[in-house]
Amino acid sequence: MNTWLKRIVVPFLAPAAILYLVFFVFPAVQSLWVSLHNWSGFTRDMTFIGVRNFTEALKDKTFHRVLMQSLGLVFFGGILTFCLSLFFTGLLGGKGRGKGFFRAVIFSPNVITMVALATLWGFIYNPRFGLLNSLLRALGLTRLAEVSWMGPDLVYWSILAAVVWIYVGFYTVLFMAGADKIPIAFYEAAKLEGAGNLRMFFTITFPLLWDVISMGIVYWIIDGFMQFEFYYAVSGSFPPIQIWTIPIYVVILAFGKRTPIYRMGYATAIAFYLLVIVTLLVTLSRKFLRRTAVEY
Amino acid sequence: MERNLETRESAGGLLARRLAAAVPSGVANLFLALWIAFTLFTIAWVLISSFKTNRELFESVWSLPRGLNVQSYVKAWRISKMGNYFLNSLLLITFSTAGIVFVAAPAAYVLARVAFRGRQLVTNIFVSGMSIPQVLLLVPVFMLLRRFLLLDNLIGVGLVYVAVNLPFTIFMLISFFITLPVELEEASAIDGASPVRTFLTVMLPLAGPGIITAFIINFIWNWKEYFWPLVLISSDSKKTVSLGLYGLQGSMQYSADWVGLFAGCVIVMLPTLLLFAVMSKRIISGMTIGALKG
Amino acid sequence: MARKLIFFTLLVSVLFLAVELSAEDQKGGPVTIQYFSGWNEGEPYVPLFKKIIADFEAANPGIRVNASWNGRENLTKVRPMLLSGNVPELMDQGADELTGALVSQDLTYALDKDLALPAVGSKTAWKDTFKPGQLDAYKKGSENHIVPWWIDTTVFYYNGKLFSQKGFSAPKTWDEFTTLCDKFKANGLAPLAQDGGINFYNVYYFRHLVQRIMGNGALLKACGDRTGSSWDDPGFLKAAKTVEQLAKKGFFIKGFEGYTFPAGQIDFVQGKAAMILISTWLPAETKDSIPAGFEYRSFPVPTVAAGKGKAADVELYQWSFVVLKDAPHKAEAVQFLKFWTQKKYNDEMAINHDAMIAIKGTANPPSNPDAAKLMDIASSTSRFNDGVNSALPEYWQTVLLPADDSLIFGKVSAEQFIAQLKKDSKAFWNK
């Protein structure tokens, strides 16, 4: 049987393998080579400078700042997103009317293009006629309405809140799918003992979901460090340095935004550091979060 | 196993139980209701505001439009060229997504159902691509497309889309193919069909739901994104709709035409929202399939 | 079944390729020149530009103009085009930015020969149709690579109607200016509007105060000083202290640091603040948002007592065109530029969009009367931002602008600002 099938292995894999090698693997490997050069992207000459890009990045204050900001996003954003997602999972878990509808609504920001969401949130936070401030004014909270949500002090947290709102949808759905696999018998037994929704969550759902949660943590680490589209689009003209993520810094170095910079070798070196950081954190997470599987 | 569960329970469980007792169900449900209302409201608000005039919008952000001002859509579609970009996206995304599925399905099939040496390694190579930041590929892909003379060309973007979406799509389709009964190939072989024919006439139709899901998820994902068009496309006529919206947002600062911008947002949002509304179950299950393996 | 599928796929792929490729230039047939514009499609004056293009094509049936309205990030798109061998003929943007990104990189075509030839429909050499000094501002050595068109300077705008209602007149000295600000603040109106999100608008205050205190070129020299010791000159501290005072006294409208452009200038035209320091493209950008009776008036940056800068020292910003050296159809591109700079279009731009044009004899902009007069009596001109952003773009973006933002947002004192500049300058130049 298997030999009969083996005939198709190569032809069936070939197109995918070729495209993947040419447009993914080869570039990924070549990126290391590019980052050892100084290249403006304009002329054919790339000047070999060895590891100078990598050492410059270690001294680059902007890179340090952006790295801290990205780490903060992954850490604080992650905690907020996961708590909220688990909260909704607990609330919507099990049966319940309208569960499908609620789940779809919570998820919906994930199917909308980030530019549109960024436009929306830009408008929400607009100081003069934005939705948030006009709501606060209508509620009589005029002091709060004068807070500069997109000002240099708060913009980092304001945007973090928006990003959390988007991703809670994805992780809620993920956790709910995992929770759906927990035998209903557990919940029924708990209900007989008089446990409420939340209580059942903390004593049944959460522990049995741990595998999905730890996988979610890995996804979030990758997603969080790759954040670009929302951050890049949210401020209209030039993203303020307070919300730069590592990918934004890379793109600005490689292409500039209004002022052309074109330091392509250096940009790739920074991207390489990003890969190293993500791989490191993912590996560490997998190690520490693993535990023996719970059979049920 | 039992012991593990118990010790974990008592460790966090005590705190958890206290917390659970402290938060009444009512508050939790209220929070959920607010969240749902907020999400629905904001999306609806963009839609409603796109039908206002700029004057109405600045007079009061909450009011309903006085009439249905479709001028904003006409302007966005024709003058701001969102119509052109929409067409570009429609062609590009449809074809590249079809490409992704055409290429990923056979690969996923053999990786799922044919034992061969190195299968696990190949699978890992494909799937581990999901954790590579696309921004790392930025400069090398740029160089590559330049060499193929595919810079500022939607075909180049399409090829990149196929490549970067292979990891997830193959991952997802493997999960689908694995669930099909083992006997199918045997039965088909007995009937005298070739493996290719088996694949096309038996496996594909059965994995149909998975394939469709893969198509839709990739369609939505690629429709949404604007990173690759941002760095690879320079000419205005070749922009995709998400990139066009990004440009529209930039130019809106100079024209102060917020309602035009909202109309643009709706033009971009609508296809994916509609797809999602019709197929939400499928999409959600497809996206989470990987997490639930094993 | 499989055969049908393959056939269908091939057919559709061919159609797709046909659609895609037909978007490219046709070989043979009319010559197409590419114009990469720094304007955005939705800006109010773009319809006029489209008309110019249409008129040109009608008058020159063998030439087609393909315009890409790229917006202000125009310049970042040029290098991929250069790499893909598809070089656009024309680009436009501020002369300062064009110089920094293109002219200094030897990417542009010297226009001296074409400038010596007659302009469209006249016997005068094209170069003599420009106002005196305009072609000299951004020369590359002795060569002209830049064709300036829409020229601007930086002034304080105010609503003439508001001032006459309150009996105020335009201040001439900085002390008069601060007294005026105090009066507005006491009356409950924010004295100064500002788009805090635009860092190069924020630096206007420091840059112009330095000019008024120390004269032209002082800022450029200090930015280029590798030791950073130029910043010790007391003039810089005085300028910084003046900015600090504006921030401390709360003259800027509340919340301006978090503004997304164009909120600041909209605030101004809607009467939420009394004045705004901005360049003279303001009426063109905001005319659609003004209330009835609004009167655009302006005064030059007030002079500082015992300062070297005079009121007639005028900053010159030029929105200009360049022709790219490696483009295939340069001659047609130059033809197009000559066509563009004709009196009828200049006049239409000036009258409808209050633009000052670099060509002699252009009509006066109705909503920029004071600025036009100021340009005419200018005794000296300095480059936009004293030339810092065209000569030292990376320093500009990474050292000066961030430090200035902290100063104008009131986050640091003037002394701290100067110390920061010294420190960062040394680190930047000795990287």
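Residues numbered from 1 in each chain as written. Chains lettered and ligands numbered in written order. Predicted model: local features only at pLDDT ≥ 70, side-chain atom pairs only at ≥ 80, totals over all residues.

### Some thoughts on the overall build of chain A
Applicable threshold: Secondary structure elements follow DSSP: runs of H or I no shorter than four residues count as helices, runs of E no shorter than two count as strands, and numbering proceeds from the N terminus. Exposure in this text rests on C-beta crowding, where 20 or more other C-beta atoms within 10 Å of a residue's own make it buried, 12 or fewer make it exposed, and counts in between make it partly exposed. The C-beta atoms are placed from the backbone. Contact between two residues is assigned whenever their backbone-derived C-beta positions fall within 7 Å.
Summing up its helical and strand segments, chain A has 15 helices and two strands in all. The 296 residues of chain A split such that 50% are buried. Expressed as a percentage of contacts within chain A between residues at least 6 apart in sequence, the contacts between residues at least 24 apart total 69%.

### Observations concerning the nonpolar core
Going by this rule: The term nonpolar core means buried Ala, Val, Leu, Ile, Met, Phe, Trp, Tyr and Cys residues held together as one set by C-beta atoms within 7 Å.
Membership of the largest hydrophobic core comes to 303 residues, with the highest contact counts inside it found for Val 250 and Ile 270 of chain A together with Ala 104, Ala 108, Leu 138, Leu 166 and Ile 170 of chain B. A per-element tally of this core places helix α8 (residues 154-178) of chain B first, with 17 residues. Setting aside anything within four residues of it in sequence, one finds Val 250 of chain A in contact with Ala 267, Ile 270 and Ala 271 of chain A together with Val 135 and Leu 138 of chain B.

### Focus: the sheet that holds strand β5 (residues 154-159) of chain C
All names here are of chain C. Selection criterion: By the convention used here, strands pair only if DSSP detects at least 2 bridges between them. In this description, a line fitted to the C-alpha atoms serves as the axis of each element, helices being fitted only across the stretch in contact, and the angle between N-to-C directions of two axes falls anywhere from 0 to 180 degrees.
Ordered by their spatial adjacency, four strands build an open sheet running β6-β7-β5-β8, and the pairing between neighbours is mixed. Looking along the sheet, the strands with just one partner apiece sit at the ends: β6 (190-193) and β8 (296-299). Taking the axes of each pair of neighbouring strands and ignoring which way they run, one obtains an average angle of 30° across the sheet. As defined by bridge partners, β6 adjoins strand β7 (residues 273-279) across three bridges and the pair is classed as parallel. Looking at β7, one finds that Ala 190 is bridged to Ala 273.

### Quick notes on the pairing of β7 of chain C
Residues and elements named next belong to chain C. The buried fraction of β7 is high, at five of seven residues. Note: β5 against β7, five bridges, orientation antiparallel. Counterpart to Tyr 158 in the pairing with β7 is Met 275.

### Focus: the interface of chain A and chain B
Often, the extent of an interface is quoted as the loss of accessible area upon association of its parts. Short version of the rule: Under the convention adopted here, Pro, Cys and the residues Ala, Val, Leu, Ile, Met, Phe, Trp and Tyr are nonpolar, Asp, Glu, Lys and Arg are charged, and Gly plus all remaining residues are polar.
Every contact between the two is made by 82 residues of chain A and, on the other side, 81 residues of chain B. At 14 residues, the largest contribution of residues to the side of chain A that touches chain B is made by helix α2 (residues 9-34) of chain A. Along the lines of polarity and charge, the residues of the side of chain A that touches chain B split into 59 nonpolar, 15 polar and eight charged.

### What about the environment of Phe 23 of chain A?
By the element assignment, Phe 23 of chain A lies in helix α2. Taking the C-alpha atoms as reference points, Phe 23 of chain A and Leu 58 of chain A, 35 residues apart in sequence, are found 29 Å from one another.

### Describing helix α9 (residues 155-179) of chain A
Residues and elements named next belong to chain A. Under the convention used in this document: Expected span of a helix: the number of residues minus one, times 1.5 Å. Fitting axes to the seven residues ending at a residue and to the seven starting there, one defines the bend at that residue as the angle between these axes.
Here α9 spans 35 Å end to end across 25 residues, near enough to the 36 Å set by a 1.5 Å rise per residue. Tyr 167 marks the point of greatest bend in α9, at about 30°. Burial within α9 is extensive, with 19 of its 25 residues counted as buried.

### Notes on the domain arrangement of chain B
Residues and elements named next belong to chain B. Here is the rule we go by: Throughout, the edges of the domains are those of an automatic or database domain assignment.
Segmentation of chain B into domains returns domain 1 (2-72) and domain 2 (73-292). Between domain 1 and domain 2, the C-alpha centre-to-centre distance is 29 Å. Taken together, the eleven residues of domain 1 in the interface contact 13 residues of domain 2. At the level of secondary structure, the elements contributing two or more residues to the side of domain 1 that touches domain 2 comprise α2 (25-49), α3 (54-59) and α4 (71-79). For the side of domain 1 that touches domain 2, the element with the highest residue contribution is α2, accounting for three residues. When its residues are assigned to classes, the side of domain 1 that touches domain 2 shows four nonpolar, six polar and one charged.

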